[in-house]
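# Structure assessment
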Amino acid sequence: MNIPTKPMLSGERQDALAVDADVIVIGAGPAGMSAAIELASAGCQVIVLDLQPTPGGQIFRALQSNLEARPSTDSLLAALGSAYNAGRTLIQQFRATAGIDYRPETTVWDLRADGTVGWLKGEMAGYLRARHVVVANGAMERPTPFPGWTLPGVMTAGAVQTLIKAGRLQPEGQIVLAGTGPLIFLLADQLRRLGVRPALIARTDRFRDKIFALPHIRPAGIPALLKGLGWLARLRLAGIPMRSRVTELKAQGRDRLETVSLTVAGRGMELSCDLLVVHDGIIPAIELAHCAGLALEWRESDASWRPKTSQDGKAQMAAGPALTSGPCRIRISGDARQIGGADAAVAHGRHAAKAILAELGRASVRPPVGAADQTATDVQRTMAARPFIDAAFPLGLAAQLPDDTTIVCRCEEITAGSLRTSIHGGATDMNLIRGVTRCGMGPCQGRSCAVTLARLLGEAATRTPASPAPFRARPPLRPLPLGALAKLSGLDPELAEVVSLEDKPEAALGGDTNG
Amino acid sequence: MFTPIGSAEATITIFLDGRPIPARAGETIAACLMRAAAPYFRTTPVTSSPRLPFCMIGHCFDCLIEIDGVGSRQACLSQVCDGMRVRTQEGPAAIVGGQTQ
Ligand code: FES
């Protein structure tokens, strides 16, 4: 059987370890594509690993195949509008740039700070290593535990968008959209163009939030704000019912969703419902950064972690013993670093690439001393609308911690009540609680419950809680078929040693002080 | 709950618990089964509650299903193939390695 990985390049001993490429980019969304284009155009060997069959990330998901399928996808592309079609040029450029070794349908299940990446494609798996790694694995929707959120018929706004883009499907029946954030309005506007009329848009945000957010408006952020106002105006014009100040959302039904109940400005209401679409903003996907032992910061206002990085995306190691030696070779870019959307991700991908080129000594033209750093300026400009958006759409569905009967861990079906019991019993560490309750031990490895558990711990803390640490992450981060595991390629002795440390995490981490 | 935008162009066939389901080359198993109005993909190991896809991008693992004899695969990350045999999954199934029978 052919193993698609080259053996370690000999003669590349400039670094302590042999490498397969100058740079490995994880994720072919806006940040990953733009970093790869910049790097490969400057002559770097770049490997791009991505989960999906075509480039674009979630925002431009399946854009290429939808464009190829025209004219039968014309109405789909028209409904998705400019936010989606804007990806076309970037994808074409990514495809046309020589020197990008693009590997679609590839899962990354391990990442180490020394630039080593564990990959899986079909039944083949192995390790690759590069001088630099750009982590551009994007974001996830903020988990929003509320009563009934596990029922069939409840989905996230991102899930519905994915079904539109990649499944060429539109929802039908009695639809309720609940939550906050730009994505919910974008989705509602796209549904409107598809001729789908939601029964209700139940907004958790208030008019007051917009007033408080006004001082955060920056000139460079105004186009983004106008776009948002345009969505709202069209939804109002179309007469789609919209309520704000919604609280106490519940999904009810036996084997699937039947009704939704909620409170609007103190008054309860209940309506029958086939599909409840929820959204409460997006947060960085930290699993790769965390697996690599990189430093994360907990942001209470945003109820999420994000990796600690410098402006060019350079990550730093978390305090404590490291699993690998040598400098940290990882940069984090796009929404995986800081939520900013597609334009900001493109700008940051380019900025991170410039920094890598400088480190590799391949910066094409040195800017004159004192000249403005163009890519850094672009990063700032594309993030200009963020402070307003963050203030205008504060945490909604997840603002209140769930009541005791609500499921927090979807996989193992652990309620907030049993987690609180364990916390009141003295557990102060997420890993300990995982061991006792099985919360976070299911197939999603804590992706859906970690932020909520961290907040439950904070709720109980009498002193100011220290920055909580997520569940310890152990590769494989995603299921690895045994067959693939048996014939891993690219493994070298140094890595094998680290793998054996992984078998004894407690010994390896010794004085681990997650708390 | 979901209906095709334009023509479905479902020219190949997959089998859900033995039942033939028209599928479009290039779509995910999750999208295909949502169009076919599958009531659930799996039931949970603890309370046997039914689940359908929740996130569609590989985070929640609610879409786990048996594909060609291998249990606990993510339907939202797997593409359909002509003749593929998919089975809803009841209760517990090993996830590590995904090698259940
Ligand atoms: S639907 Fe969430 S992982 Fe597949």
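Residues numbered from 1 in each chain as written. Chains lettered and ligands numbered in written order. Predicted model: local features only at pLDDT ≥ 70, side-chain atom pairs only at ≥ 80, totals over all residues. Heavy atoms only, no water.

What follows covers the overall build of chain B. Within chain B, the secondary structure is distributed over one helix and eight strands. Reading chain B from its N terminus to its C terminus gives the helix and strand order β-β-β-α-β-β-β-β-β. Whereas a compact globule of 101 residues would reach a radius of gyration of roughly 13 Å, chain B reaches 13 Å, a difference of no more than 12%. Counting only residues that meet the buried cut, chain B has 55% of its 101 residues in that class. In chain B, the proportion of contacts linking residues at least 24 apart, taken out of those at least 6 apart, comes to 44%. Element-wise, carbon and sulfur atoms account for 53% of the exposed surface of chain B, whose accessible area totals about 3,800 Å². (Helix = DSSP H or I, 4+ residues; strand = E, 2+ residues; numbered from the N terminus. Rg over C-alpha atoms; globule rule 2.2 N^0.38 Å. Buried < 20%, exposed > 50% of the residue type's maximum accessible area, 1.4 Å probe, protein only. Contact = heavy atoms within 4.5 Å. Areas by Shrake-Rupley, 256 points an atom, 1.4 Å probe, with all protein chains shown as cover.)

So, about the sheet that holds strand β11 (residues 200–203) of chain A. Residues and elements named next belong to chain A. The strand order β8-β16-β10-β11-β12 describes an open sheet built from five strands, whose pairing is parallel. Single-partner strands in this sheet number two, and they are β8 (154–156) and β12 (242–243). In the sheet, strand β10 (residues 175–180) pairs with strand β16 (residues 275–280) via six bridges, with the strands oriented parallel. Paired with Val176 across the two strands is Leu276, which belongs to β16. The strands touched by helix α5 (residues 157–165) within the sheet are β8 and β16, with β8 carrying the most contacts at an inclination of about 80°. (Pairing = 2+ DSSP bridges. Axes fitted to C-alpha atoms, helices over the stretch in contact; angles between N-to-C directions.)

With that settled, the discussion passes to the side chain of A:Thr116. Its place among the elements puts A:Thr116 in strand β5 (residues 116–121). Polar contacts involving the side chain of A:Thr116 include one to the side chain of A:Asp114, which spans 2.7 Å. (Polar contact = N/O pair within 3.5 Å; in protein donor to acceptor, adjacent residues only side chain to side chain.)

What follows is about the pairing of strand β6 (residues 64–67) of chain B. All names here are of chain B. As paired elements, β6 and strand β7 (residues 70–74) share three bridges and run antiparallel to each other. Of the residues in β7, the one forming a bridge with Ile65 is Arg73. The hairpin turn running from β6 into β7, its antiparallel successor, is two residues long, and Asp68 in that turn takes a positive phi close to 45°. As paired strands, β6 and strand β8 (residues 85–87) are joined by two bridges and run antiparallel to one another. For Glu66, the partnering residue across the bridge sits in β8 and is Arg87.

A word on the confidence of the model for chain B. Residue and element names in this part refer to chain B. When pLDDT is averaged across chain B, the result is 90; 90% of the residues are at 70 or more. Scored below 50 in pLDDT, residues 96–101 makes 14 contacts in the model with residues more than four places away or belonging to other chains. With a pTM of 0.91, the predicted complex shows an ipTM of 0.93. (pLDDT = per-residue confidence, 0-100.)

It is worth spelling out the nonpolar core at this point. If you look at the biggest cluster of nonpolar residues, it comprises 91 residues, and the most contacted ones within it are A:Val48, A:Phe94, A:Met155, A:Ile164, B:Ile14, B:Leu33 and B:Phe41. Sorting elements by how many residues they give to this core places helix α6 (residues 182–193) of chain A first, with seven residues. Once residues within four sequence positions are removed from consideration, B:Leu33 is found in contact with B:Ile14, B:Leu16, B:Ile21, B:Ala38, B:Phe41, B:Ile65 and B:Val86. Membership of the second largest hydrophobic core comes to 55 residues, among which are A:Ile24, A:Ile26, A:Val108 and B:Leu64. (Core = buried A, V, L, I, M, F, W, Y, C linked by side-chain atoms within 4.5 Å.)

All names here are of chain A. Along helix α14 (residues 430–437), the residues classified as buried are Met430, Asn431, Ile433, Arg434 and Thr437. One face of α14 carries all of its buried residues, which in axial projection span an arc of 160°. For α14, exposure combined with an orientation more than 90 degrees from the buried face picks out Gly435 and Val436. Buried residues along α14 sit in contact with β19 (304–307), β22 (414–415), α13 (416–424) and α15 (450–460). The N-terminus of α14 is capped by Asp429, whose side-chain oxygen sits 2.6 Å from the backbone nitrogen of Asn431. Note on α14: the residue one or two positions beyond its end, Arg438, has a positive phi of about 75°. (Arc of directions from axis to C-beta.)

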